[in-house]
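# What the coordinates show
What follows is each chain in one-letter form.
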Amino acid sequence: MSTSVAFAAPAHASPQDDLATKRARAAALETKIEADHRKAEILNEQYLQAQTAVAETQKKIAAAEAGIARAEADTKLSRLRLSGRAATLYMGAGNTDPFSINATDVRELGSRATYGEAAADEDQRLLDKLHVAEETLGIQRKTFLKVQDEARTQQKAADNALNAVKQAVQVEQNELASVQGDIGQLVHEITVARQRAEDARARAEFQAVQARARAEAEAAAAARPNVASGRDPSSGGTQPFDVPAPSPGAAAAVAYAWAQVGKPYQYAGVGPDTYDCSGLTMMAWAQAGVSMPHGSIAQGDMFPRVPDTDLKPGDLSIYYPDHHHVGMYVGNGMTISATHTGDFVKLQPVFREGYQYSVRPG
C-alpha cells in the first residue's frame with residue numbers, strides 16, 4: 001500500500017520555489033494522514049463490532065455443543081435399545097447364536113423371513129428415533145464449525161485492516177516529519193540570505209520595530225486579568241464550565257470526562273491511561289452506574305435522542321453518516337472527545353463537521 005506523496009521540483013529551483021514545493025507536499029501529507037485517521041477510526045468501530053459478534057457466537061457455539069451432547073446421548077440410547085430389542089427378537093425365535101446378526105439394524109432383522117412378524121411398531125419407532133438423532137448430530141456439528149469460522153474470519157479481517165492503516169499512517173508521519181525538517185532548513189537559509197542582503201540601516205530599523213512589538217506585547221500581557229482560577233481545559237482535571245448537569249449521574253460522567261482531557265488516544269482503549277472515543281464515553285457513564293456497549297453505533301442506538309437546542313452536559317453526540325465517532329457534551333457548545341491515533345482527549349465544538357444527533361443516557 002503506497003503512502004508517499006511526491007512532488008517534482010523544477011531543475012535549479014530557487015530556495016523560495018523549493019520552499020513552496022515542500023509546503024505543498026506537507027499539506028498533501030497532512031490531508032492524507034487525516035483521511036487515514038478517519039479510516040482507522042471507522043475500522044476501530046468495526047473491530048469492536050466484531051468483538052461483540054465473537055462474544056455472541058460463543059453463546060451459539062455453547063448451544064451447539066449442548067445440542068451435540070444431547071444428540072449423541074439420544075443416538076447412544078437408541079442404539080442400545082435397538083441392540084437389546086434385536087437380541088430379544090432373535091433369542092425369542094429360537095436362535096442360539098446372537099452374534100450372527102447385526103443387532104443395530106432392525107431393517108436387516110425384518111428382512112429375514114424368520115423374524116418378519118416379530119418386527120413390531122416399537123422397533124420401527126426406535127429405528128426412526130435413531131435416524132433423527134444421527135441427523136441432528138450432523139446438523140449441529142456443521143452449525144458449530146460454520147459459526148466458529150465466521151466469527152474468527154470477521155475478527156481477523158477487521159484487525160488486519162486496522163493494522164494496515166496504522167502502518168500507513170506511521171510511514172506518512174515519518175515522511176511528513178522529514179518534509180517539515182526540510183521546510184525548517186529552507187526557511188532558515190532564506191532568512192539568513194535576506195539578512196545578509198540588508199544594509200545596516202535596514203537591519204537597525206527592523207530591530208527597532210521588533211523591540212517595539214515586544215514591548216507592546218509585554219505591556220498587554222501585564223494588563224491582562226488574572227485567570228488562574230479557571231483551569232486551562234487542555235490540561236485536564238477540574239471542570240472549568242459552570243454548566244449544571246441534568247442529574248447526579250450526568251455530573252459524575254462529565255467530571256470523569258474532564259479528568260481524562262490530555263490523555264492519548266488509542267484504538268479500543270478504555271483507560272485509565274488511554275482511550276478511544278466510545279471507550280471514553282462508556283467509562284465516563286460507568287461512574288454513574290450506566291452500562292453501555294463499547295462502540296459509538298451501539299451507544300447512539302440505545303438511548304433516547306434529544307433536540308439540538310436542548311443539549312445538556314453528559315449527552316452523547318454522534319458524528320458522521322456511519323456513526324463511527326462519539327463525544328460527550330459538557331456545556332458551552334463544547335464536547336470532550338477522544339479523537340484519533342496520534343491525538344489526545346480534548347475539547348471540540350459540538351456542532352462541527354460530521355455532527356448527526358445527540359442522545360441522553362441518564
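Here the structure is a predicted model, which means the values were calculated and not measured.

### Examining the overall build of the protein chain
Each helix and strand counted, the protein chain has seven helices and six strands in total. Along its sequence from the N terminus, the protein chain presents helices and strands in the succession α-α-α-α-α-α-α-β-β-β-β-β-β. Relative to its 362 residues, the protein chain shows a buried fraction of 35%. Across the protein chain, every contact between residues at least 6 apart in sequence was considered, and the portion connecting residues at least 24 apart equals 65%. For the protein chain, the exposed area adds up to about 20300 Å²; of that, 54% sits on carbon and sulfur atoms.

### Quick word on the pattern of salt bridges
When the charged atoms of two side chains lie near each other, side chains of opposite charge can form a pair. Counting across every chain of the model gives three salt bridges. Measuring nitrogen to oxygen at the nearest pair gives 2.8 Å for the salt bridge that ties D315 to R360. One end of the pair, D315, is in the loop between strand 1 (305-306) and strand 2 (316-319); the other, R360, is in the segment after strand 6 (355-359), with 45 residues separating them in the sequence. Between K346 and D343 there is a salt bridge whose closest N-O contact spans 2.8 Å. On the accessibility criterion, K346 (31% relative accessible area) is partly exposed.

### A closer look at the confidence of the model for the protein chain
Summarising the model, the protein chain shows a mean pLDDT of 74, and 66% of its residues fall at 70 or more. Predicted confidence is poor over residues 96-104, with pLDDT under 50, and the contacts of this stretch with residues over four places away or in other chains come to 18 contacts. Here residues 224-238 scores under 50 on pLDDT; set against residues more than four positions off or in separate chains, the count is 16 contacts.

### Comments concerning the packing of helix 5 (residues 248-259) against helix 6 (residues 277-286)
At a closest axis distance of 7 Å, the pairing of helix 5 and helix 6 adopts a crossing angle of 135°. Classified by the angle their axes make, helix 5 and helix 6 are oblique. Considering only the axes of helix 5 and helix 6, their crossing is right-handed. Contact residues: G249, A250, A252, A253, Y256 and A257 in helix 5; M283, A284 and W285 in helix 6. Residues that form the contact of helix 5 with helix 6 fall into these classes: eight nonpolar, one polar and no charged.

### A closer look at the pairing of strand 2
Residue alternation in strand 2 divides its side chains into two sets, L316 and I318 and S317 and Y319, and both sets are buried. Where strand 2 and strand 3 (residues 325-331) come together, four bridges link them in antiparallel fashion. Residue pairing in the sheet places S317 in a bridge with G327 of strand 3. Remark: five residues form the turn of the hairpin made by strand 2 and strand 3, two consecutive strands paired antiparallel; Y320 in that turn has positive phi of roughly 75°. Pairing of strand 2 with strand 6, which is carried by four bridges, proceeds in the antiparallel orientation. By the bridge assignment for strand 6, L316 is matched with V359.

### A closer look at the side chain of H294
Of note, H294 is situated in the loop between helix 6 and helix 7 (296-302). Looking at H294, its side chain comes within polar contact range of the side chain of D276, at 3.0 Å. Looking at H294, its side chain comes within polar contact range of the main-chain nitrogen of G279, at 3.4 Å. Apart from the residues lying within four places of it in its own chain, the contact partners of H294 are L48, A268, G269, V270, D276, S278, G279, M282 and Q299.

### Some details on helix 6
The element helix 6 is largely enclosed, with a buried count of eight among its ten residues. Those residues of helix 6 lying buried are C277, S278, G279, L280, T281, M282, A284 and W285.

### Things to note about helix 5
In a regular helix each residue adds 1.5 Å, so twelve residues correspond to 16 Å; helix 5 covers 17 Å between its end C-alpha atoms and thus fits that length. Here helix 5 has its buried residues at A250, A253, V254, Y256, A257 and W258. Its buried side turned inward, helix 5 meets helix 6, strand 3, strand 4 (334-338) and strand 5 (345-349).

### Comments concerning the sheet that holds strand 1
In spatial order, the strands read 1-6-2-3-4-5; together these six strands make up an open sheet with antiparallel pairing. The open sheet is flanked by strand 1 and strand 5, the only strands paired with a single partner. Its contacts with the sheet place helix 5 against strand 3, strand 4 and strand 5, and it is angled at close to 105° to strand 3. Those strands touched by helix 6 are strand 2, strand 3, strand 4 and strand 5, and its axis lies near 45° from that of strand 3.

### What to know about the nonpolar core
By size, the foremost hydrophobic cluster in this structure holds 28 residues, and its most contacted members are W258, W285, M292, L316, M328, I336 and V345. Taken together, the elements giving at least two residues each to this core come down to helix 5, helix 6, strand 2, strand 3, strand 4 and strand 6. With six residues, the top contributor of residues to this core is helix 5. Dropping the residues within four chain positions of it, M292 is found in contact with T281, M282, W285, Q299, M302, F303, L316 and P361. Core analysis: the second largest hydrophobic core is formed by 14 residues, L19, I33, L176 and V179 among them.

Scoring rules and cut-offs
- Residues numbered from 1 in each chain as written.
- Predicted model: local features only at pLDDT ≥ 70, side-chain atom pairs only at ≥ 80, totals over all residues.
- Heavy atoms only, no water.
- Helix = DSSP H or I, 4+ residues; strand = E, 2+ residues; numbered from the N terminus.
- Buried < 20%, exposed > 50% of the residue type's maximum accessible area, 1.4 Å probe, protein only.
- Contact = heavy atoms within 4.5 Å.
- Areas by Shrake-Rupley, 256 points an atom, 1.4 Å probe, with all protein chains shown as cover.
- Salt bridge = Lys/Arg side-chain N within 4 Å of Asp/Glu carboxyl O.
- pLDDT = per-residue confidence, 0-100.
- Axes fitted to C-alpha atoms, helices over the stretch in contact; angles between N-to-C directions.
- Parallel < 35°, antiparallel > 145°, perpendicular 65-115°, else oblique.
- Left-handed = near helix turned anticlockwise from the far one by under 90°.
- Nonpolar A, V, L, I, M, F, W, Y, C, P; charged D, E, K, R; others polar.
- Pairing = 2+ DSSP bridges.
- Polar contact = N/O pair within 3.5 Å; in protein donor to acceptor, adjacent residues only side chain to side chain.
- Expected span 1.5 Å × (residues − 1).
- Core = buried A, V, L, I, M, F, W, Y, C linked by side-chain atoms within 4.5 Å.

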